Number of protein chains: 2
Amino acid sequence: MTAYDELMAFERETQALGQVAGRLGWDQETMMPRGAADQRSEEMAAMEGVLHTRRTDPRLEDWLGKAVASDDVAAANLRLIRRSVDRATKIPVRLAAEIARVTSKAQGIWAEARAGEDVAAFLPTFEKVLRLKREEGAALAAGTDKSVYDAMLDDYEPEATAQSLSEMFDALRPRLVDLRARVLAAEAPKALSGSFDEAGQLALSTKLALGFGYDLSTGRIDKAVHPFSSGSGADVRITTRTNPVDPFNCFYSTIHEVGHAAYEQAIDPAYRLTPLGSGVSMGVHESQSRIYENQLGRSAAFTGWLYGQMRDQFGDFGVADAESFYKLVNRVSDGFIRTEADEVQYNLHVLLRFDLERALISGDLALRDLEAAWNDRFRADFGFAVDKPSNGVLQDVHWSVGLFGYFPTYTLGNVYAGCLHQALRKDIPDLDDDLGRGDTRRATTWLKEAVQQHGGLYTPVEVITKAGGMAPSVEPLLDYLETKFAGLYAL
Amino acid sequence: MTAYDELMAFERETQALGQVAGRLGWDQETMMPRGAADQRSEEMAAMEGVLHTRRTDPRLEDWLGKAVASDDVAAANLRLIRRSVDRATKIPVRLAAEIARVTSKAQGIWAEARAGEDVAAFLPTFEKVLRLKREEGAALAAGTDKSVYDAMLDDYEPEATAQSLSEMFDALRPRLVDLRARVLAAEAPKALSGSFDEAGQLALSTKLALGFGYDLSTGRIDKAVHPFSSGSGADVRITTRTNPVDPFNCFYSTIHEVGHAAYEQAIDPAYRLTPLGSGVSMGVHESQSRIYENQLGRSAAFTGWLYGQMRDQFGDFGVADAESFYKLVNRVSDGFIRTEADEVQYNLHVLLRFDLERALISGDLALRDLEAAWNDRFRADFGFAVDKPSNGVLQDVHWSVGLFGYFPTYTLGNVYAGCLHQALRKDIPDLDDDLGRGDTRRATTWLKEAVQQHGGLYTPVEVITKAGGMAPSVEPLLDYLETKFAGLYAL
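As recorded by an unreviewed UniProt entry, chain A carries the name Metal-dependent carboxypeptidase and is attributed to Flavimaricola marinus. Checking UniProt for chain A, the heading Catalytic activity (unreviewed entry) contains the comment "Release of a C-terminal amino acid with broad specificity, except for -Pro." In its Function (unreviewed entry) section, the UniProt entry covering chain A states "Broad specificity carboxypetidase that releases amino acids sequentially from the C-terminus, including neutral, aromatic, polar and basic residues."

Residues and elements named next belong to chain B. Of the two faces of strand E3 (residues 237-240), the one carrying Arg237 and Thr239 and the one carrying Ile238 and Thr240 are both buried. Both strand E1 (residues 221-223) and E3 contribute to a ladder of 3 bridges, which runs parallel. Residue pairing across strands places isoleucine 221 opposite isoleucine 238, the latter belonging to E3. Inspection of the sheet shows strand E2 (residues 229-230) paired to E3 by 2 bridges, in the antiparallel sense. Bridge pairing in E3 links serine 230 to arginine 237. As consecutive antiparallel partners, E2 and E3 are separated by 6 residues, and within that stretch glycine 231 has a phi angle of approximately 100 degrees, a positive value.

In this description, an aromatic ring pair is defined by two values, namely the gap between the centres and the angle between the planes. Evaluation of the coordinates by the stated rule reveals 54 aromatic pairs over all chains. Taking the centre distance of 5.1 Å and the plane angle of 90 degrees together, the rings of phenylalanine 196 of chain A and phenylalanine 314 of chain A count as edge-to-face. Of this pair, phenylalanine 196 of chain A sits in the loop between helix H8 (162-185) and helix H9 (198-211) while phenylalanine 314 of chain A sits in helix H12 (residues 300-314), and the two are 118 residues apart along the sequence. For phenylalanine 196 of chain A, a relative accessible area of 3% puts it in the buried group. Plain terms: the ring middles of phenylalanine 126 of chain B and tryptophan 399 of chain B are 6.2 Å apart, the flat faces sit at 25 degrees to each other, and that makes the pair stacked. In this pair, phenylalanine 126 of chain B is assigned in helix H6 (residues 119-141) and tryptophan 399 of chain B in the loop between helix H15 (370-382) and helix H16 (408-427), connecting sequence segments 273 residues apart. Residue classification places phenylalanine 126 of chain B among the buried residues on the basis of a relative accessible area of 3%. Residue tryptophan 399 of chain B is classed as buried on the basis of its relative accessible area of 5%.

In this section: the pattern of salt bridges. Side chains bearing opposite charge may pair, as long as their charged atoms lie close to each other. A complete count under the given rule lists 84 salt bridges over all chains for this structure. Among the ionic pairs, aspartate 27 of chain A bridges to arginine 237 of chain B, the shortest N-O distance being 2.7 Å. Here aspartate 27 of chain A is found in helix H1 (residues 3-30), whereas its partner arginine 237 of chain B is found in strand E3 on a different chain. For the pair aspartate 27 of chain A and arginine 237 of chain B, one class covers both residues: buried. Between aspartate 430 of chain B and arginine 442 of chain B there is a salt bridge, and its shortest N-O distance comes to 3.1 Å. You can see aspartate 430 of chain B sitting in the loop between H16 and helix H17 (431-435) and its partner arginine 442 of chain B sitting in helix H18 (residues 441-450), a full 12 residues away along the chain. By relative accessible area, aspartate 430 of chain B is classed as partly exposed at 37%.

Residue and element names in this part refer to chain A. The end-to-end C-alpha distance of helix H11 (residues 282-296) is 20 Å, a good match for the 21 Å that 15 residues give at a rise of 1.5 Å each. Of all the bends found along H11, the most pronounced is centred on arginine 290 and spans about 35 degrees. Near the N-terminus of H11, the side chain that reaches the backbone nitrogen of glycine 283, with its oxygen 3.4 Å away, is that of serine 281.

On to the environment of tryptophan 26 of chain A. On the secondary structure map, tryptophan 26 of chain A appears in helix H1. Look at tryptophan 26 of chain A and you get buried, because its relative accessible area is 1%. Each C-alpha atom of the pair tryptophan 26 of chain A and serine 229 of chain A lies 8.5 Å from the other, and the pair is 203 residues apart in sequence. Each residue touching tryptophan 26 of chain A, except ones within four places of it in the same chain, is listed here: Met31, Arg220, Asp222, Phe228, Ser230, Arg237 and Thr239 of chain A together with Asp27 and Met31 of chain B.

Moving on, we come to the sheet that holds strand E1 (residues 221-223) of chain A. Strands pair in a sheet through their backbones, by hydrogen bonds, and they do so in one of two ways: parallel or antiparallel. Judged by pairing direction, the sheet is mixed, and its 3 strands sit side by side in the order E1-E3-E2 (chain A) without closing on themselves. Bordering the open sheet on either side are E1 and strand E2 (229-230) of chain A, each of which pairs with just one other strand.

Positioned with a positive phi, alanine 490 of chain A is a non-glycine residue whose angle comes to about 50 degrees. Considering the arrangement of structural elements, one finds alanine 490 of chain A in the segment after helix H20 (475-489). Positive phi, normally seen in glycine, also occurs at glutamate 117 of chain B, with a value near 55 degrees. Tracing the backbone shows glutamate 117 of chain B in the loop between helix H5 (93-115) and H6.

This part is about the interface of chain A and chain B. Facing 36 residues of chain A, the contacting portion of chain B comprises 36 residues. Carbon and sulfur atoms make up 59% of the area that chain A and chain B hide from each other, which totals about 2,600 Å². It is Met31, Pro33 and Gln39 of chain A that lose the most area in chain A upon contact with chain B, and together they represent 21% of the buried surface on that side. For aspartate 235 of chain A, the salt bridge identified is with arginine 40 of chain B, shortest N-O distance 3.3 Å. Linking chain A with chain B are 16 residue pairs in polar contact (both at pLDDT 80 or more), by the criterion used here. Contributing elements (two or more residues each) for the side of chain A that touches chain B: H1 and helix H2 (37-55) of chain A. For the side of chain A that touches chain B, the leading source of residues is H1 of chain A, giving 11 residues. When grouped by side-chain class, the residues that make up the side of chain A that touches chain B number 15 nonpolar, 9 polar and 12 charged.

Quick notes on the rules
Residues numbered from 1 in each chain as written. Chains lettered and ligands numbered in written order. Predicted model: local features only at pLDDT ≥ 70, side-chain atom pairs only at ≥ 80, totals over all residues. Heavy atoms only, no water. UniProt positions renumbered as here; feature names shortened; annotations may be inferred. Buried < 20%, exposed > 50% of the residue type's maximum accessible area, 1.4 Å probe, protein only. Helix = DSSP H or I, 4+ residues; strand = E, 2+ residues; numbered from the N terminus. Pairing = 2+ DSSP bridges. Phe/Tyr/Trp six-rings, centres within 6.5 Å; stacked < 30°, edge-to-face > 60°. Salt bridge = Lys/Arg side-chain N within 4 Å of Asp/Glu carboxyl O. Expected span 1.5 Å × (residues − 1). Bend = angle between axes of the 7 residues up to and from the residue. Polar contact = N/O pair within 3.5 Å; in protein donor to acceptor, adjacent residues only side chain to side chain. Contact = heavy atoms within 4.5 Å. Buried area = accessible area lost by both parts, 1.4 Å probe. Nonpolar A, V, L, I, M, F, W, Y, C, P; charged D, E, K, R; others polar.

Here it is as structure tokens:
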């Protein structure tokens, strides 16, 4: 065996163990008995310890020093393993295990605090998580010219920086604020009313998942509090949730998670259990989930088809025609919850979190002041007050599990989705004919070929640039939103 | 930290990883998408490799050499870790990983062969499994005076030997054969007829599980082809199955698995994630599942209560009274399937497998002759012919996953259950008053205190001897069966 072959055999086992650890996370959210939380945190910590030990195995340096890349795939594998080793060797085993242990427990404590609307009950745990993640960020930033926050960001979006994202977001914000103001000043369509049975929602949700290309032979759908996609290769699972009065929450959560899962399922099978075998970054991942959910799923053409499906499933639900349904699905209204936000306001939710978490990490914002800061910023951006913590600072799981630097990738994904959608529509001008029949195949095939199949072969900016035919820019997303909502609200 | 503390900290992580690997097995049987089988086998192999590496870590010898036991618990921990290290160091890493990989795939191939009634389709895989397990057994037997089969047996039932089991089984067989002949010559009660909806079966099955003390805060119930219990400590899961025309299959599978799971859940929480934190042997485990299922669950008193429950759940199902119901539940009739066999015939199914697997391992029986040997022996013991492989040699999953030496522990468990039941009835003479109300608490509490709480603290024979008040013997089981079935069949 060559050094490269030995390296890849070792890496393959590490990737397999990474899949096991990921599935343990899936189990925790879907299947785990409540009383198993403490034991589970020890199991997670032990898995994290094993993975960390492997990622810092001294043989890796040796293999990396000797390995020769015979092609682009090998070169990309070596680049990504190099990156992983560099990252892992900076983090002490003790710290990695401690983070796994604490965040596993923290998630349960967060869930209880959220259910009890009790921010104070979560703060001591949050303090621990923040301290450990800061320590990890500082270890990653040491010896580089990166800030602690940029080091964190690099975990989710390689090569992105707070500076570059801020510039992008600064270009986004004024036009979004302006669009939001104009839309909310216009007459809103009537909200959906009535109740939609869970079984019917789940049946149509599954139909949507299959329609968008989710492959159940290598996946499954379960319920969870916070929908997510999990796993790579031949075992990619999604979750959804139902709300009797809001079936769109279920349907669009499902389409969103299918965007993530279809990406993983579409990656060249030759890359399975290698560093190329999963989505290249959170931003590119989110570009897939968002283009599935919004540019395709919330389009006039597709919602026309969905309107008929909903009538088939639920009978007359009080919406007169497909045009009213399209307006309803894209209804812009005040709301607290990021994951339920419309396309116009969604990114404002993200920018709030991006600014607050940078301030938490830098120390400019103390944790005891976080709730007040959240509520102040929310009132400033959205014009009304947060009524309870589960609608405010406790609404997202991310911080409880130490995901700092993750939120901005949501908006980056939207920006990328804008670029991809512009190119997709240029290549397939009559796409709406398909979408009007509920047929997403030409669209999803285009995305598979342009983006998904490559896995980790290219960098995030490379793959978006190739696929979109231009350097990433906020213009396509803004143009799309302004055109779409000008039409919807007769602006 | 003392050497003992360091050893136990390391062992705790190993135990946690063992729980993760076990849960991966649970997932494979309950949740895994079909297309994930190949990837899963790599994941299992990687976990097995990690566990094997830890169990052969050179530091273990050092710690074991220096560690001092301060009490009985520490002494038992050291004894069990010593045993584990000795076992693990005899098995090459390559072989352990290969067995995990091959048996993971073999299980799927077995399931397909079973569904297709195609023994030949399974033989090449079975050949591989057998060869690898023989190699493992030979490695374990090397340097001892054990046979390959005894080395295998020791994995499931420490200190048991084929010789000791054969002697026990030889004392069992003539009286079982005689009892079977007399029972089958007598008039059989009418079989159950009608259909029982799945939801109703699962509802009553869950009620039974809770009634026998299964704790859902640290467990869960799912469906699987072959019911099993999985996990230790704070996460102990069971599965069940339903058959529309045979609700007893569901109910008594559930009670059986609850016997296993309640044992795990009852172990002193101080032993969690240590070598003492799981059931001490398969035989003792089976003694719990069988006493729950049979001596308690199929008693006249308990079935009297269950009769009312079934009428509540399903209405009039064509059984006139509690006495007829008791006869029905304990109906002895010809059947192919071990897991569905009555108390009289069950052990004859096990003895068949015990004899065949010893012959396979020794080489006295070639794999190509196994089906014929099974069918011949079945006809000799049961008096009629196997009609198809799923009713014969392909009915059990065990061999496909390499479990040789496991089957005899079922009968050993029945023998142990006989001993425990005799002692239990002596201690609680009015137990039937409780069981007649569906109240198993005094019985299960007795078992918890006498057996379950101790986990791995004592050896299997020690714990049964202490609890039963005598050295293990087949007499109590035979006396119980002969008395019970003489009454049922007016012999």
